[in-house]
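Observations on the model geometry
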Amino acid sequence: MKYQSDSNNIKLLIYAIHPIMYQAPIFSELENYKNSNLPWLDFTVYFGSKLSLKESYHHSFKSKFKNDFEDILKGYNYKFLKNYTFFEKEGFFSRINLGIIPKILFGKYDAVLLHGYNTLTSIIIILSCLLSRKKIIFRGESILRGNEDLLSIKNRIKTIYLKTLFSLCDKILYSCSGNKDFFLNYKVPMEKLVYIPCAVNNDFFQQNIKKLSPRVQHIKDSIGVREEDLVISMCCSFTKRKRPIDLIKAAIEMKNKNIFLLFIGDGPQRSLIESNLKDTGIRHHITGFMGQNHISQYYLISDISVVLSDYDPSPKAMNEAMNFSNCIISTKNVGTAHDLIKENHNGYIIDVGDISKLKKILTNLEIKRNDVKKMGKNSLEIVSSFNYLKNAKAIEEALICTQENV
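So, a few notes on the structure that sits alongside this text. Keep in mind it's a predicted model, so treat the numbers as computed, not measured.

According to the stated counting rule, one finds 14 salt bridges in the structure shown. The partner of R226 in a salt bridge is D229, with the nearest N and O atoms 3.1 Å apart. The class of R226 is partly exposed, set by a relative accessible area of 30%. For D229, a relative accessible area of 5% gives the class buried. We note a salt bridge from D246 to R243, for which the minimum N-O separation is 2.7 Å. A relative accessible area of 25% means that R243 is categorised as partly exposed. Within the structure, one salt-bridge network assembled from shared partners comprises R226, E228, D229 and R283.

Structure below.
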């Protein structure tokens, strides 16, 4: 889509709650794409917090950690807003960025791209845009939880709030079919939706594959993976919602000595994972919390990656694993499952908690190793089209549509 500006450049203000490793690279890609394709675009990213740049205590891991991603602020214009809150980690009052008001009212921006709806700053931005008649583009990755029809006070308030908020937006970016269903549920018309595929930094992971490939055997030896093992990995925060115990239950029922369970991560259910594995004879390894610069070695030695959550809008671990040619098994309650998985082509989609089906699939794949390899190659082919360039083009499309309606 091409846009011919007969007047001044279009200025876009992007608001994000803090620099997120799966989101910030989109801004770098947008800057690169702008330089060669969008001479009329000028944009600045305003972050509501520096939370992700600090070493902080994470209650799920019961320890302090600092993300190890590099250059997350490189390649685009950005500024940090003062955050007037005592509750920075989560909740409606986690972002109170009053400084965004004069930026929108007097900053001569033509449109605002807002990430997320569940903070006070979100409301501040919407109201500021209405007062200054700025176009609003919204992006969020929520999916339906299945309890939206419950007639609780909380649900009624949420429904009124979201229907009102979305009705005030000029364009809405959706990342997967589950996310699309979420917006449609709150009466967003189809013509207002623009597809922005759920993506990770594919180039980063492909470069890591080249670096790490000569070390595959060393990595396997370091954690006790044998040549005949089928490595089944789960990369996530070990919480009840992610259901890591389901994988152990399926493995116990398999009674197969040629499987190796690889748990990549940490969290409150780690001790439960360890106790459930005790005395089972199932060979396994738990990595602990892993940053982006170390996680690749474990994806590289995995054959199958599973996402068994009972609710998960867009787990980027699925995209990551597919970059390493992993066969994927996911529950249908994962928002991106129906976009990234083609049944019996690169993986399988099962019901939440269906241990019997999971065991059956894994047993079959352990026997048919060639099928696992074929599915893994298909995963890589599929995920290659879910990239940041398409994200940049989606933002372009949404922005142009808002300007054409001026």
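Here the narrative resumes.
Attention now moves to helix α7 (residues 216-223). Those residues of α7 lying buried are I219, K220 and I223. Angular distribution of buried residues about the axis of α7 spans 95°; they occupy a single face of the element. In this structure, the buried residues of α7 make contact with β11 (259-266), β12 (283-286) and α10 (292-300). Phi turns positive, to about 85°, at G224, one or two residues after α7.

The subject of this paragraph is the side chain of N346. You can see N346 is positioned in the loop between α12 (337-340) and β15 (347-350). One polar contact links the side chain of N346 to the main-chain amide nitrogen of K342, over a distance of 2.7 Å. When near neighbours in sequence (up to four residues on either side) are disregarded, N346 contacts M322, C327, I328, L340, I341, M375, N378, S379 and I382.

All right, on to the packing of helix α13 (residues 355-367) against helix α14 (residues 369-383) then. Viewed as axis vectors pointing N to C, α13 and α14 meet at an angle of 105°, and their least axial separation amounts to 5 Å. Accordingly, the angle class assigned to the pair α13 and α14 is roughly perpendicular. Taken together, the residues of α14 that come into contact with α13 (itself represented by L365, E366 and I367) are R369, V372 and M375. When its residues are assigned to classes, the contact of α13 with α14 shows four nonpolar, no polar and two charged.

Rules behind the numbers
- Residues numbered from 1 in each chain as written.
- Predicted model: local features only at pLDDT ≥ 70, side-chain atom pairs only at ≥ 80, totals over all residues.
- Heavy atoms only, no water.
- Salt bridge = Lys/Arg side-chain N within 4 Å of Asp/Glu carboxyl O.
- Buried < 20%, exposed > 50% of the residue type's maximum accessible area, 1.4 Å probe, protein only.
- Helix = DSSP H or I, 4+ residues; strand = E, 2+ residues; numbered from the N terminus.
- Arc of directions from axis to C-beta.
- Contact = heavy atoms within 4.5 Å.
- Polar contact = N/O pair within 3.5 Å; in protein donor to acceptor, adjacent residues only side chain to side chain.
- Axes fitted to C-alpha atoms, helices over the stretch in contact; angles between N-to-C directions.
- Parallel < 35°, antiparallel > 145°, perpendicular 65-115°, else oblique.
- Nonpolar A, V, L, I, M, F, W, Y, C, P; charged D, E, K, R; others polar.

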